[in-house]
Amino acid sequence: MSLPSRSPVYVKALPLQELDDVESIKDETKVGNVLIIRITPLARKSVDETKLAITELTDYVKSIGGDIARLGEERIVITPPGVRIWRREVAPTEAPIGAAPVAQQEFVKSGR
């Protein structure tokens with residue numbers, strides 16, 4: 001029995017430098033790659049554009065069955081369909097403070 005031929009899955013680290021980068025991030029997710037996105041370059045230019053980009057990516061990733069989560073203050077991780085991000089329960093004393101530059105409600109939710 002031979003296994004079906006599949007293209008390799010890559011873990012890629014990419015910067016989010018401008019709003020136009022959202023489309024290439026969607027394309028990378030669509031082909032099945034796991035992405036670690038550094039949001040700081042865009043956040044330094046515009047917090048509003050960063051929130052817009054994160055919202056657009058969150059909606060897209062959820063629509064295709066992928067997953068998205070915050071990875072510290074400067075990064076997000078995006079996975080393709082079939083790959084889930086493990087989230088531990090956050091104790092109330094460890095909960096993030098509301099002054100982060102990205103919309104926290106999208107990334108702090110516990111989803112299993």
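Below is a short write-up of the structure.

Quick notes on the rules
- Residues numbered from 1 in each chain as written.
- Predicted model: local features only at pLDDT ≥ 70, side-chain atom pairs only at ≥ 80, totals over all residues.
- Heavy atoms only, no water.
- Pairing = 2+ DSSP bridges.
- Helix = DSSP H or I, 4+ residues; strand = E, 2+ residues; numbered from the N terminus.
- Axes fitted to C-alpha atoms, helices over the stretch in contact; angles between N-to-C directions.
- Contact = heavy atoms within 4.5 Å.
- Buried < 20%, exposed > 50% of the residue type's maximum accessible area, 1.4 Å probe, protein only.
- Arc of directions from axis to C-beta.
- Parallel < 35°, antiparallel > 145°, perpendicular 65-115°, else oblique.
- Left-handed = near helix turned anticlockwise from the far one by under 90°.
- Core = buried A, V, L, I, M, F, W, Y, C linked by side-chain atoms within 4.5 Å.

Spatial strand order, β1-β2-β4-β3: four strands in an open sheet with mixed pairing. The outermost strands of the open sheet, each flanked by one partner alone, are β1 (11-15) and β3 (67-71). The average undirected angle you get between the axes of adjacent strands in this sheet is 20°. Summarising the sheet, strand β2 (residues 34-38) and strand β4 (residues 75-79) pair through four bridges and their orientation is antiparallel. Each residue of the ladder has a partner; that of R38, found in β4, is R75. Across the sheet, helix α1 (residues 21-30) touches β1, β2 and β4, and the angle it forms with β2 is around 160°. Against the sheet, helix α3 (residues 47-64) engages β3 and β4, with an angle of about 20° to β4.

Those residues of α1 that fall on the buried side of the exposure criterion are D21, V22, I25, K26, E28 and T29. One side of α1 holds all its buried residues, which, seen down the axis, span an arc of 160°. In this structure, the buried side of α1 is in contact with β1, β2, α3 and β4. Following α1 by one or two positions, G32 has its phi on the positive side, about 100°.

Most of β3 sits out of view: four of its five residues are buried. As defined by bridge partners, β3 adjoins β4 across five bridges and the pair is classed as antiparallel. Each bridged residue has a counterpart across the sheet, and for R70 the counterpart in β4 is I76. The antiparallel hairpin formed by β3 and β4 contains three residues in its connecting segment, where G72 sits at a positive phi of about 80°.

Moving on, we come to the packing of α1 against α3. Here α1 crosses α3 at 20°, and the two axes come no closer than 11 Å. Overall, the two elements α1 and α3 adopt an arrangement that is roughly parallel. Once α1 is placed against α3, the crossing between them reads as right-handed. Contacts between α1 and α3 involve V22, E23, I25, K26, T29 and K30 from the former and A53, E56, L57, Y60 and I64 from the latter.

Let's shift gears to the nonpolar core. Nonpolar side chains in soluble globular proteins tend to end up buried together. The biggest cluster of nonpolar side chains holds 15 residues, and the ones touching the most others in it are L16, I25, I37, L57, I76 and I78. For this core, the element with the most residues is α3, which contributes five residues. For L57, the contacting residues outside a window of four places in its chain are V22, I25, K26, I68, I76 and I78.

Inspection of the secondary structure puts I54 in helix α3. Judged by its relative accessible area of 1%, I54 falls in the buried class. Here the alpha-carbon distance between I54 and L19, two residues 35 residues apart in the chain, equals 9.7 Å.

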